[in-house]
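Given next are the chains, with one letter for each unit.
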Amino acid sequence: MADKIVIFDTTLRDGEQSPGASMTREEKLHIARQLERLKVDVIEAGFAASSNGDFEAVKAIAAVIRDSTVCSLARANDRDISRAAEALKGAASSRVHTFIATSALHMEKKLRMTPEQVYEQARLAVRFARNLTADVEFSPEDGYRSDPDFLCRVLEAVIDEGASTINIPDTVGYAVPELYGNFIRNLRERIPNSGKAIWSVHCHNDLGMAVANSLAGVMQGGARQIECTINGLGERAGNCSLEEVVMALKTRRDYFGFEVGIDARHIVPASRLVAQTTGFVVQPNKAVVGANAFAHASGIHQDGVLKARDTYEIMRAEDVGWSANKIVLGKLSGRNAFKQRLLELGITLESEAEVNAGFARFKELADRKSDIFDEDIIALVMDESVTAEHEHYRLLALSQRSEMGERPHAKVAFAAGDAELHGESDGNGPVDASLKAIESKLQTGAEMLLYSVNAITSGSTESQGEVTVRLQQGGRVVNGVGADPDIIVASAKAYLSALNKLQSKHERVAAQG
Ligand code: KIV
Ligand code: ZN
């Protein structure tokens, strides 16, 4: 039997650290369920001590996930570790992942601690965590840029204290494959008790080598766990992308020779769910999950694929979950068909009230759009008016007038808690006028960092528009997403969705801040 590679997904923790990618508890739950369906071995659900919101999200995920281990990150101190263990109490299988920086740069400039203090804190943190839970992972942050002699001492000590997974982060994406692989092999060879732990890779993508580095960590370094995220989401240039690393291992099993437990048919739905939830759009030429990943535009390629698929295809689109824009539901579909399709898409709505709200939105959409695709359904249930009836701001009505050569004018009605507000404004275009109409009532002063429109399903102007708005206010950056066949309505929904996130009280604190 071949060795197994443990797939550790950190979309909900490291992925969420991308500016603007923060998610609500409900959004995290949806994604966690999809990760379980994908059969990831470990789901890093958040950083429980960083905020009440993160604590509640980890707790909620721990309560429902049964087939994957649920993990929480914790700095190497008793308070963080206790919070993590507390949030994970309801899990079927849980892990505490504790970390402290070990590079000279981070210890001196960021932590202002001596190496001896860091050594001691790492040891005591793992000891403390092991008293609360059996499964403890330790990461020396900025591990790849740390002094190997010092790292060997720290890692030997934490293994002695009971850490069963040792993760070597390339925190700043500085590694190159051969050197990273050798770095891990060298540590494993020098540390006398290294055989008692599973070694893990955690690579950031600043130089575009996160997947290659992770695979080198496995092949040359002997690592057996890969930390990764859906769509490569993560700080700065992101993390090792789950879909790429998993499909490399599966497609080139002849070379790598490892088992991976992932059910790849759920990869594309997971990618869409994460993109639609965070507003981080997937580039069309992205491997495996990009819209063009299986498209053959040139005549020579099309001809070849029609004659024999493997002339130009090394993977089958359906094996990673592409469903070729299938029409799934229409105007006459009933509530049961809607519910069934949600199940097939891996979406579980929390309550019957949510199913009813979702179905009502579906009927409304089917009246305006003849064919409803999977992407439409995902967008529809991600809409806050379905998943979070208690959201503060909700769009009630919008009308706008625009004529070539005239300045557009918009009127917007929206709920703000129990109050109903009516605003109007003109603007450079109808979208600008609509958002200014909202601002005329709220005066949030939030700065818009991004406005983007995408067609949810390609190939027709009948498609719903999906709008992403990124706002910044008081140092916080949030994304709002809204979908509607009318892109002006979608824009107003996206704007209100971002404002909902800005006004939520859940603050995040920076790791090791
Ligand atoms: O990149 C990093 O160093 C991390 C650690 C907290 C594991 O994300
Ligand atoms: Zn990281």
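Everything discussed here concerns the structure shown above.
Throughout what follows, the structure given in this document is the object of discussion. (Residues numbered from 1 in each chain as written. Chains lettered and ligands numbered in written order. Predicted model: local features only at pLDDT ≥ 70, side-chain atom pairs only at ≥ 80, totals over all residues. Heavy atoms only, no water.)

1. Overview of the coordination of the zinc ion (ligand 2)
1) Next: Coordination of the zinc ion (ligand 2) by the protein comes from D14 (OD), H202 (NE2) and H204 (NE2), over a distance range of 2.0 to 2.1 Å.
2) Next: Along the chain, the residues donating to the zinc ion (ligand 2) are arranged with the sequence spacing D-x187-H-x1-H. Note that D14 is positioned in the loop between β1 (4-9) and α1 (25-37) and H204 in the loop between β7 (198-203) and α8 (210-219), a separation of 190 residues in sequence. For the pair formed by D14 and H204, the shared burial category is buried. (Donors = N, O, S within 2.8 Å, 3.2 Å for Na, K, Ca; no water. Helix = DSSP H or I, 4+ residues; strand = E, 2+ residues; numbered from the N terminus. Buried < 20%, exposed > 50% of the residue type's maximum accessible area, 1.4 Å probe, protein only.)

2. Brief notes about the site of ligand 1
1) Next: Close contacts around ligand 1 come from R13, D14, H97, F99, S139, E141, P169, T171, H202 and H204, and that covers them all.
2) Next: Taking R13, its side chain carries an N or O atom lying 3.0 Å from an oxygen atom of ligand 1.
3) Next: Note that an oxygen atom of ligand 1 is positioned 3.1 Å from one of the side-chain N or O atoms of H202.
4) Next: Protein contact buries 95% of the 260 Å² of open area that ligand 1 shows by itself.
5) Next: Put simply, the parts of the chain that give the shell around ligand 1 at least two residues each are β4 (94-101) and β5 (136-141). (Near = heavy atom within 4 Å. Polar contact = N/O pair within 3.5 Å; in protein donor to acceptor, adjacent residues only side chain to side chain. Areas by Shrake-Rupley, 256 points an atom, 1.4 Å probe, with all protein chains shown as cover.)

3. Looking at the environment of A446
1) Next: Residue position: A446 is located in the loop between α17 (430-442) and β15 (447-455).
2) Next: Linking A446 and L471, residues 25 residues apart in sequence, is a C-alpha distance of 6.0 Å.
3) Next: If sequence neighbours within four positions are ignored, A446 has contacts with L471, Q472, Q473 and L502. (Contact = heavy atoms within 4.5 Å.)

4. With respect to the pattern of salt bridges
1) Next: A full pass over the atoms with the stated rule returns 36 salt bridges.
2) Next: Residue E120 is joined to R123 by a salt bridge in which the shortest nitrogen-to-oxygen separation is 2.7 Å. Of this pair, E120 and R123 both sit in helix α5 (residues 115-132), 3 residues apart, which is roughly one turn of the helix.
3) Next: Put simply, R252 and D254 hold a salt bridge, and the shortest N to O gap is 3.1 Å.
4) Next: Each of E120, R123, R127 and E161 takes part in salt bridges that share partners, so that together they form one network. (Salt bridge = Lys/Arg side-chain N within 4 Å of Asp/Glu carboxyl O.)

5. A word on helix α4 (residues 104-111)
Since one α-helical turn is 3.6 residues long, residues separated by three or four positions face the same way.
1) Next: All of the buried residues along α4 are H106, M107 and L111. In an axial view of α4, the angular spread of the buried residues amounts to 100°, which keeps them on one side of the axis. Along α4, the residues that are exposed and aim more than 90 degrees away from the buried face are A104, E108 and K109.
2) Next: As for α4, its buried residues are in contact with β4, α5, β5 and α6 (148-160). (Arc of directions from axis to C-beta.)

6. Topic: the packing of aromatic side chains
1) Next: Applying the stated criterion to the full structure yields 8 aromatic pairs.
2) Next: Their ring planes at 70° and their centres at 5.2 Å tell us that Y144 and F183 sit as a pair that is edge-to-face. Placement of Y144 in the loop between β5 and α6 and of F183 in helix α7 (residues 177-190) is noted, with a sequence separation of 39 residues between them. Comparing Y144 with F183 shows no difference in burial state: the two are buried.
3) Next: Geometrically, the ring pair formed by Y255 and F256 is edge-to-face, given 4.9 Å between the ring centres and 70° between the ring planes. (Phe/Tyr/Trp six-rings, centres within 6.5 Å; stacked < 30°, edge-to-face > 60°.)

7. Looking at a nonpolar patch on the surface
1) Next: Together, M448, Y451, V453 and I487 make up a nonpolar patch on the protein surface, roughly 300 Å² of accessible area in all.
2) Next: If you tally residues by element for the nonpolar patch, the top one is β15, at 3 residues.
3) Next: By secondary structure assignment, the location of M448 is in strand β15. (Patch = residues over 30% accessible without salt bridge, like charges linked within 9 Å, V, L, I, M, F, W, Y side chains within 5 Å.)

8. With respect to the sheet that holds strand β17 (residues 476-484)
1) Next: If you walk across this open sheet you meet the 3 strands as β15-β16-β17, and the pairing is antiparallel. The open sheet is flanked by β15 and β17, the only strands paired with a single partner. Averaged over all neighbouring strand pairs, the angle between strand axes comes to 15°, with direction disregarded.
2) Next: For strand β16 (residues 465-473) and β17, the ladder comprises 9 bridges, and the chain directions are antiparallel. Each residue of the ladder has a partner; that of Q473, found in β17, is R476.
3) Next: Contacts from helix α18 (residues 487-503) reach β15, β16 and β17, with the element oriented near 150° to β17. (Pairing = 2+ DSSP bridges. Axes fitted to C-alpha atoms, helices over the stretch in contact; angles between N-to-C directions.)

9. Section: the sheet that holds strand β14 (residues 419-426)
1) Next: Reading across the sheet, the 3 strands line up as β12-β13-β14 and stay open at both edges, with antiparallel pairing between neighbours. One side of each edge strand has no neighbouring strand; the edge strands of this open sheet are β12 (393-401) and β14. Between one strand axis and the next, the sheet turns through 15° on average, direction left out of account.
2) Next: With 8 bridges connecting them, β12 and strand β13 (residues 409-416) associate as antiparallel partners.

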